[in-house]
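What the coordinates show
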Amino acid sequence: MSNSNHNAGADILLDIRGLKTYFHLDEGTVRAVDGVDFTVPRGTTIGIVGESGCGKSVTAFSILQLVEKPGRIEEGSIVLNTGGQNRVDIAALDHDSEELRQIRGKDIGMIFQEPMTSLSMMYTVGFQMTEAIRLHMDVEKDEARDRAIEMLQAVGIPRPEQRFDAYPFELSGGMRQRVMIAMALSCDPMLLIADEPTTALDVTTQAQILELMQQLQEEFGMAIMLITHDLGVVAEMCSEVVVMYLGEVVEQADVDTIFHNPQHPYTQALLESIPRLGHSHEGRLNPILGSVPDPYHRPSGCPFHPRCTQIITGRCETVHPEISRLDPRHTVRCLLHEDPHG
Amino acid sequence: MIQYILHRVLLMIPTVFGISILCFGIIQLPPGDFLTFYVAELSAQGESVPEAQIAQLERQYGLGRPWYVQYFLWMKNIITKGDFGRSFTWNKPVSDLIWDRIAFTMLITLLTVVFVWIVALFIGKYAATHQYSLGDYIATFFGFIGLAVPNFLLALLLLYYSLQLFGLSPAGLFSPEYQDAPWSVGKWIDLLAHLWIPIVILGTAGTAGAIRILRANLLDELHKPYVITARAKGVPERTLIWRYPVRVALNPFISTVGWTLPDLVSGSIIVSVVLNLPTTGPLLLGALLQQDMFLAGSFILLVSVLTVIGTLISDVLLAWLDPRIRFS
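Since this is a predicted model, take the numbers as computed values, not measurements.

**With respect to the domain arrangement of chain B**
All names here are of chain B. Segmentation of chain B into domains returns domain 1 (2-94) and domain 2 (97-327). A straight line from the C-alpha centre of domain 1 to that of domain 2 covers 32 Å. Domain 1 puts 33 residues into the contact, and the matching count from domain 2 is 25 residues. With both sides pooled, the region where domain 1 packs onto domain 2 buries about 2600 Å², and carbon together with sulfur makes up 76% of that total. When residues of domain 1 are sorted by the area they lose upon contact with domain 2, Ile27, Phe84 and Val94 head the list and together hold 22% of the total. Applying the counting criterion to the domain 1 and domain 2 interface returns one salt bridge. The partner of aspartate 315 in a salt bridge is arginine 8, with the nearest N and O atoms 2.2 Å apart. Elements with a contribution of two residues or more to the side of domain 1 that touches domain 2: α1 (2-28), α2 (34-44), α4 (67-81), β1 (86-87) and β2 (92-93). The greatest single-element share of the side of domain 1 that touches domain 2, amounting to 13 residues, is contributed by α1. Partitioned by chemical class, the residues of the side of domain 1 that touches domain 2 number 21 nonpolar, eight polar and four charged.

**Describing α1 of chain B**
All names here are of chain B. The end-to-end C-alpha distance of α1 is 40 Å, a good match for the 39 Å that 27 residues give at a rise of 1.5 Å each. Turning to α1, its buried residues are Met12, Ser20, Cys23, Phe24 and Ile27. For α1, the elements touching its buried residues are α4 and α14 (293-321).

**Side note on the side chain of arginine 101 of chain A**
Residues and elements named next belong to chain A. Along the chain, arginine 101 turns up in helix α2 (residues 98-103). You can call arginine 101 buried: its relative accessible area is 13%. In terms of polar contacts, arginine 101 uses its side chain to reach the backbone carbonyl oxygen of aspartate 96, at 2.9 Å. Side-chain polar atoms of arginine 101 contact the side chain of glutamate 98, separated by 2.9 Å.

**Brief notes about the packing of helix α6 (residues 173-185) of chain A against helix α7 (residues 203-220) of chain A**
Residues and elements named next belong to chain A. For the pair α6 and α7, interaxial distance at closest approach is 10 Å and the crossing angle is 20°. If you check the angle between α6 and α7, you find them roughly parallel. Read as a crossing pair, α6 and α7 show a hand that is right-handed. Residues Gly174, Gln177, Arg178, Ile181 and Leu185 of α6 pack against Thr205, Gln208, Ile209, Leu212, Met213 and Leu216 of α7. A class-by-class count of the residues in the contact of α6 with α7 yields six nonpolar, four polar and one charged.

**Some details on the sheet that holds strand β12 (residues 330-332) of chain A**
All names here are of chain A. Taken together, eight strands build an open sheet; the order of strands is β6-β7-β8-β3-β9-β10-β12-β11 and the sheet is mixed. A strand with exactly one partner marks an edge of an open sheet, and here the two such strands are β6 (108-111) and β11 (324-327). Going across the sheet, the axis of each strand differs from the next one's by a mean of 20°, ignoring polarity. Taken together, the four bridges between β6 and strand β7 (residues 191-195) define a ladder with parallel strand orientation. Its bridge partner being in β7, isoleucine 111 is matched across the sheet by alanine 194. In the packing of α7 onto the sheet, contacts are made with β3 (45-49), β6, β7 and β8 (223-228), and the angle to β8 comes to roughly 160°.

**Here we look at the nonpolar core**
Residues Phe38, Met213 and Met225 of chain A are the most contacted members of the largest nonpolar core, which totals 98 residues. Those residues within four positions of methionine 213 of chain A in sequence are excluded, and the remaining contacts are Ile111, Ile181, Leu192, Ala194, Pro197, Met222, Ile224, Leu226 and Met237 of chain A. Core analysis: the next-biggest nonpolar cluster, separate from the first, contains 30 residues, Phe24, Leu35, Met75 and Val94 of chain B among them.

Cut-offs and rules
Residues numbered from 1 in each chain as written. Chains lettered and ligands numbered in written order. Predicted model: local features only at pLDDT ≥ 70, side-chain atom pairs only at ≥ 80, totals over all residues. Heavy atoms only, no water. Domains from an automatic or database assignment. Contact = heavy atoms within 4.5 Å. Buried area = accessible area lost by both parts, 1.4 Å probe. Salt bridge = Lys/Arg side-chain N within 4 Å of Asp/Glu carboxyl O. Helix = DSSP H or I, 4+ residues; strand = E, 2+ residues; numbered from the N terminus. Nonpolar A, V, L, I, M, F, W, Y, C, P; charged D, E, K, R; others polar. Expected span 1.5 Å × (residues − 1). Buried < 20%, exposed > 50% of the residue type's maximum accessible area, 1.4 Å probe, protein only. Polar contact = N/O pair within 3.5 Å; in protein donor to acceptor, adjacent residues only side chain to side chain. Axes fitted to C-alpha atoms, helices over the stretch in contact; angles between N-to-C directions. Parallel < 35°, antiparallel > 145°, perpendicular 65-115°, else oblique. Left-handed = near helix turned anticlockwise from the far one by under 90°. Pairing = 2+ DSSP bridges. Core = buried A, V, L, I, M, F, W, Y, C linked by side-chain atoms within 4.5 Å.

Dropping the structure here:
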């Protein structure tokens, strides 16, 4: 594989290679994640972007083996480096093993799209938080309580002692997402996976939550994997970006390169399709041609070719491009950038 | 919470009052009364009843007066003296006849509800978490059979086969030697040995229904985001299923207690007749046929009160179980 050594020197927290997660449905097999490689460096924020259905959420769910039937991780490795020589391949663990459960919530915390339904309405905020704390830390009930209240304070919830005994339905959406973040970070994880954490919130709350995540990252030093379709959020939050299309990573680079020197036609098209203040005189927005193909009928060759404006007729329809490395921290999967040595 | 329960208890009073009027009204609806039945019975046997005797009986029981006067007298005696009136057919005070029967009915009903819940909870949970597996299909298959086969038929079959195969008669709640014996350890064991049969028979349809309800509810809940959150926290799968989705799926289960109770009481009449159980069913049937109005009325009243209490219990349980109800 062409990118095998590219991060040898950097401190890699999570190394995903050749990840394939398929859904076996009656209508056929949906290859939601079809050979994804990327790495998450320790302590940084990495953004995963792409249209709906590109497999970004399934990738995130695969990392904690949360993909439900009929979905299944078919191939690949997800190696978590918890420090020193402690490496675990999460993809190889049993889905209900003690080892995996110790990673879930302890090494890797996760927050979700829907704060309104992500907490159980049957139990208090305090119960749900201390449950996580007591699963992973060797503490007594009242120590767990103190820890939970401390975390509620850290995520900016006013009067945390009272909120500890509140039920989630007594809180607003923004407050619930703060509780989710407090819960996910309560065991001091090395990675926080945030699956579209602000999609269901109103705009002002979105900004607050994102700011909170940045502030907590400075405080706790965890890496963040931010799944989003909002490129504005990516520009503000992330240092590195992974662009996905139809279950594949089409381009990965640092945030400046993605925004100022994108190489994959899909990345370029994505950037052209977002409205920008002060650019209205340029006229109409350029939407990406067509729509995401039917998951049961993936296009042959490069999956993006039916929508691509720079198609090389005769090649793109038949040849599936390999990953090309443009420079050490910039990879792209496109025939326009075929590696002359590959 | 206490305020909520108090509120509910206060609301019960007008409900029971309304029910009692309705009961009495319905019992009075058919033309004639016990005396008409009594006279007809005697004349069928070729005897005649002197007019004077009829008039005397009519006065004694207030039968000739308007229904609301009769109702008022009846209620007054119940509330002030605990006197439910007199059964004409048995020629005994109603209260001598009913309490034993009510007690057995309650015993059988409660045990049946517990049986239904426990069996349905475990099978329903299994069927939902193993959807479309062999076990799920088997549970579904027996579930539909249980729903479709009438209870009395099940009772008849059981009686027939236990007599054919084992020479035993499982009817009644006691073996003949204990029937009129005073309570003893032996009698209790004998009771328990007989009790499971009506419980299983009466519980079959309820269990089948409850399994379907729990399975459907649990399937709705199993893939909700809060379940995934709990899994992402590292909660073990077994704990997780019971603690989160099952807890929510139990709601409709609890709220059915309200109608499961009266259903078991009234639905068990035919089974009780077939199995010769000393419950309220057969006695109520007889009382209704013979227009033994105080006996029938008292039964219906008490069963209604039990239903109202059952609903109250289910509401309190529900509020205890689900904070959303408790807080609204």
